[in-house]
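Residue strings, one per chain:
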Amino acid sequence: MKKIQTAAARLDKLFAVLFWLVIAVGALNFAISAFMAAAIHRDPAALQSFSGGLSLDYLRFDIAPGYFTSAAFGMGINLMQALFTAVVVILVCLTLHILRGILRPMIHSTPFEGAIVSGLKKLGILALIFCIFQNVANWLSIGMVSRGYDLNRLFVGGNITGVTVNYALDLDFLLIAAVLFLLSYVFHYGQELQQLSDETL
């Protein structure tokens with residue numbers, strides 16, 4: 001029982017640190033995107049000196065300066081990124097808050113409280129919301145990028161200055177892993193109770 005309390009307390013501290021780390025990184029990302037959108041709004045000609053990149057799956061194409069001409073696209077892509085960042089930060093912070101709520105009864109040696117079942121249901125709902133948001137965000141991003149980059153013109157006339165391979169880190173299953181760890185702690189506690197019950201009979 002003491003092991004479960006110790007592990008739950010450690011996880012609670014980890015989730016508390018992650019909560020503030022997510023907020024800090026999200027705020028920085030949001031600020032950069034909003035600043036870029038404001039800079040393009042103030043000076044649309046700045047896009048002429050912008051050399052960006054287009055990622056298609058695991059390939060990134062570096063684009064020559066002067067390719068981007070639409071200020072509306074430049075502002076839109078940055079504002080969309082700022083909005084997506086805000087939504088992701090909110091969803092991740094809610095997830096971490098619920099996970100900490102699930103851990104509290106375990107820390108106080110009462111892992112079979114109704115709060116745990118309620119928290120697990122909330123996590124399931126959040127996972128569904130996250131899935132819907134991710135798909136909507138992908139559709140919006142693809143639509144905006146396909147219009148803004150003019151893919152027919154992109155691959156001709158020296159607009160591509162280099163190609164690199166993207167190494168992506170997929171963190172989608174962190175939530176599922178956290179839920180499984182929590183469930184394992186609950187069932188481990190149940191196993192200990194069953195063992196104690198069997199020994200007393």
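Given the structure is predicted, the values throughout are model-derived calculations rather than measurements.

1. Examining the overall build of the protein chain
Phase 1: Helix and strand counts for the protein chain stand at 5 helices and 3 strands.
Phase 2: Secondary structure of the protein chain in N-to-C order comes out as α-β-β-α-α-α-β-α.
Phase 3: Scored against the burial criterion, the 201 residues of the protein chain give a buried share of 29%.
Phase 4: Partitioning the contacts of the protein chain with sequence separation of at least 6, the portion at a separation of at least 24 is 78%.

2. Notes on the pattern of salt bridges
Phase 1: Counted according to the given criterion, the structure contains 1 salt bridge.
Phase 2: With a closest N to O distance of 2.8 Å, D12 and R100 form a salt bridge. Of this pair, D12 sits in helix α1 (residues 2-42) while R100 is found in helix α2 (residues 71-107), placing the two residues 88 residues apart along the sequence.
Phase 3: Classification of D12 by relative accessible area gives buried; the value is 13%.
Phase 4: R100 sits in the partly exposed class, given a relative accessible area of 25%.

3. Digging into the packing of aromatic side chains
Phase 1: Summed over the entire model, instances satisfying the criterion amount to 2 aromatic pairs.
Phase 2: Relative to F133, the ring of F84 lies with its centre 5.7 Å away and its plane at 90 degrees, an arrangement referred to as edge-to-face. Taken together, the residues span a long stretch of sequence, with F84 in helix α2 and F133 in helix α3 (residues 114-148) at a distance of 49 residues.
Phase 3: In this structure F133 comes out as buried when scored by relative accessible area, which is 17%.

4. Looking at the nonpolar core
Phase 1: By size, the foremost hydrophobic cluster in this structure holds 21 residues, and its most contacted members are F15, L99, I102, L103, M106 and L123.
Phase 2: Where this core is concerned, the elements lending two or more residues are α1, α2, α3 and α5 (174-200).
Phase 3: With 9 residues, α2 is the single largest residue contributor to this core.
Phase 4: The contacts of L103, once residues within four sequence positions are left out, are A8, L11, D12, F15 and L182.

5. Section: the confidence of the model for the protein chain
Phase 1: On average, residues of the protein chain score 77 in pLDDT, and 69% of them are at 70 or above.
Phase 2: Here strand β3 (residues 160-165) stands out as the element of the protein chain with the lowest mean pLDDT, 66, in contrast to α1, whose mean of 87 is the highest.

6. Brief notes about α1
Phase 1: Along its 41 residues, α1 runs 60 Å from first to last C-alpha, staying within 8% of the 60 Å computed at 1.5 Å per residue.
Phase 2: Within α1, burial applies to I4, A7, A8, L11, D12, F15, A16, G26, S33, A37 and I40.

7. As for a nonpolar patch on the surface
Phase 1: A contiguous nonpolar surface patch, about 330 Å² in accessible area, is contributed by L14, L18, L21 and V25.
Phase 2: You can see L18 is positioned in helix α1.

How each quantity is defined
The written sequence of each chain sets the order in which its residues are numbered from 1. Totals for whole chains, interfaces and linings use all residues, but because this is a predicted model, local features are given only for residues with pLDDT of at least 70 and pairs of side-chain atoms are given and counted only at 80 or more. The side-chain figures draw on all heavy atoms in the structure; neither hydrogens nor water molecules are used. Counting from the N terminus, the helices are the DSSP runs of H or I reaching at least four residues and the strands are the DSSP runs of E reaching at least two. For every residue, the accessible area obtained with a 1.4 Å probe (protein chains only) is divided by the maximum for its type, and the residue is called buried under 20%, exposed over 50%, and partly exposed between those limits. Residue contacts follow a heavy-atom distance rule, with two residues in contact if any of their heavy atoms lie within 4.5 Å. We define a salt bridge as a side-chain nitrogen of Lys or Arg found within 4 Å of a carboxyl oxygen belonging to Asp or Glu. Whether two aromatic rings pair depends on their centres lying within 6.5 Å, for rings of Phe, Tyr and Trp, where Trp uses its six-membered ring; planes under 30 degrees apart make the pair stacked, over 60 edge-to-face, and the rest tilted. To define a nonpolar core, start from buried Ala, Val, Leu, Ile, Met, Phe, Trp, Tyr and Cys residues and group those joined through side-chain atoms within 4.5 Å. pLDDT: the predictor's confidence for each residue, scored from 0 to 100. The span one expects for a helix is its residue count, reduced by one, times 1.5 Å. Patches here are clusters of residues that have more than 30% relative accessible area and form no salt bridge, with a 9 Å joining cutoff for like charges and a 5 Å cutoff for nonpolar side chains (Val, Leu, Ile, Met, Phe, Trp, Tyr). To be clear on the numbers: accessible area is Shrake-Rupley with a 1.4 Å probe, and residue cover counts the displayed protein chains and nothing else.

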